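The lines below spell out each chain.
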Amino acid sequence: AREQSFKSLANLVDARSVEALLAALENRDQDVRRRVEELLGQVLDRDSIDHLIAALSHDAPHIRRLAAEYLKNLRDPRSVTALITALNDSDDAVRADAASALGELNDARAVRPLVPLLTDRADRARLGAEAALEKLDGVPEALVAALGAPEGKVRRFAARSLGKQRWKPGNARERALFAIAESAFHKCVKEADDAVEPLIGVLGDSDASARKRSAM
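Here we summarise the structure given alongside this text.

About the criteria used
Residues numbered from 1 in each chain as written. Predicted model: local features only at pLDDT ≥ 70, side-chain atom pairs only at ≥ 80, totals over all residues. Heavy atoms only, no water. Core = buried A, V, L, I, M, F, W, Y, C linked by side-chain atoms within 4.5 Å. Buried < 20%, exposed > 50% of the residue type's maximum accessible area, 1.4 Å probe, protein only. Helix = DSSP H or I, 4+ residues; strand = E, 2+ residues; numbered from the N terminus. Contact = heavy atoms within 4.5 Å. Expected span 1.5 Å × (residues − 1). Arc of directions from axis to C-beta. Axes fitted to C-alpha atoms, helices over the stretch in contact; angles between N-to-C directions. Parallel < 35°, antiparallel > 145°, perpendicular 65-115°, else oblique. Nonpolar A, V, L, I, M, F, W, Y, C, P; charged D, E, K, R; others polar.

As for the nonpolar core
Within soluble globular proteins, side chains that are nonpolar generally end up buried alongside one another.
1) Next: By size, the foremost hydrophobic cluster in this structure holds 51 residues, and its most contacted members are Leu56, Leu83, Leu102, Leu114 and Leu147.
2) Next: Looking at this core element by element, the count peaks at seven residues for helix H5 (residues 61-74).
3) Next: Excluding residues that lie within four positions of it along the chain, Leu114 makes contacts with Leu87, Ala99, Ala129, Ala132, Leu133 and Leu136.

Comments concerning helix H9 (residues 123-135)
1) Next: Along its 13 residues, H9 runs 18 Å from first to last C-alpha, staying within 8% of the 18 Å computed at 1.5 Å per residue.
2) Next: For H9, the full list of buried residues reads Ala125, Arg126, Gly128, Ala129, Ala132 and Leu133. Burial along H9 is one-sided: seen end-on, the buried residues are contained in an arc of 160°.
3) Next: Against helix H7 (92-105), helix H8 (111-114) and helix H11 (152-164) lie the buried residues of H9.

Describing the packing of H5 against H7
1) Next: For the pair H5 and H7, the least separation of the axes is 8 Å and the interaxial angle reads 10°. The orientation of H5 with respect to H7, classified from their angle, is roughly parallel. Contacts between H5 and H7 involve Pro61, Arg64, Arg65, Ala68 and Lys72 on the former and, on the latter, Ala93, Val94, Asp97, Ala98, Ser100, Ala101 and Glu104.
2) Next: Here the contact of H5 with H7 is built from residues that sort into six nonpolar, one polar and five charged.

Shown next as structure tokens:
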């Protein structure tokens, strides 16, 4: 009877049914939730955006996670602001899915909020942010600024991404920051006074080897 009811429902649902289907995801029966997810995948379209954005604030992590995943597939720019907010979600899977969705949307507004996730405690969220940032076009100001981040992993990622985009430092300070991010500390000698401040910043790095090299 349940199988037949799902088949009947599949013939009736449309974009207007999204809100009801999202509510059905709270069902305790795992099989029911799985079938509802399948139905959602069939009916979601751009008319569903508002419902999915609202679902990003749902109490249940699995619903927030699915909302981010569906928004990624729809690639609608109206979801950017809500997905940026979701980067601060308490659930690491939601943060990761939101980052992935922002990467697919390729919106420059996402760059600055994505950078802090490069030090996220959860691998999946951190990797999601890295993948998203590498998909974004251009050389965003936030990525250049990340060369001076206190965390070595952020500096290295920024240098690697900028290098792939063939970015060139525009002044002595940027050359010093880029050299430090690449662990090419010997190049800082050429930049003299402009390298002092960036090198002092590395002294607070959690990476002991980076602290040692910057002080030499």
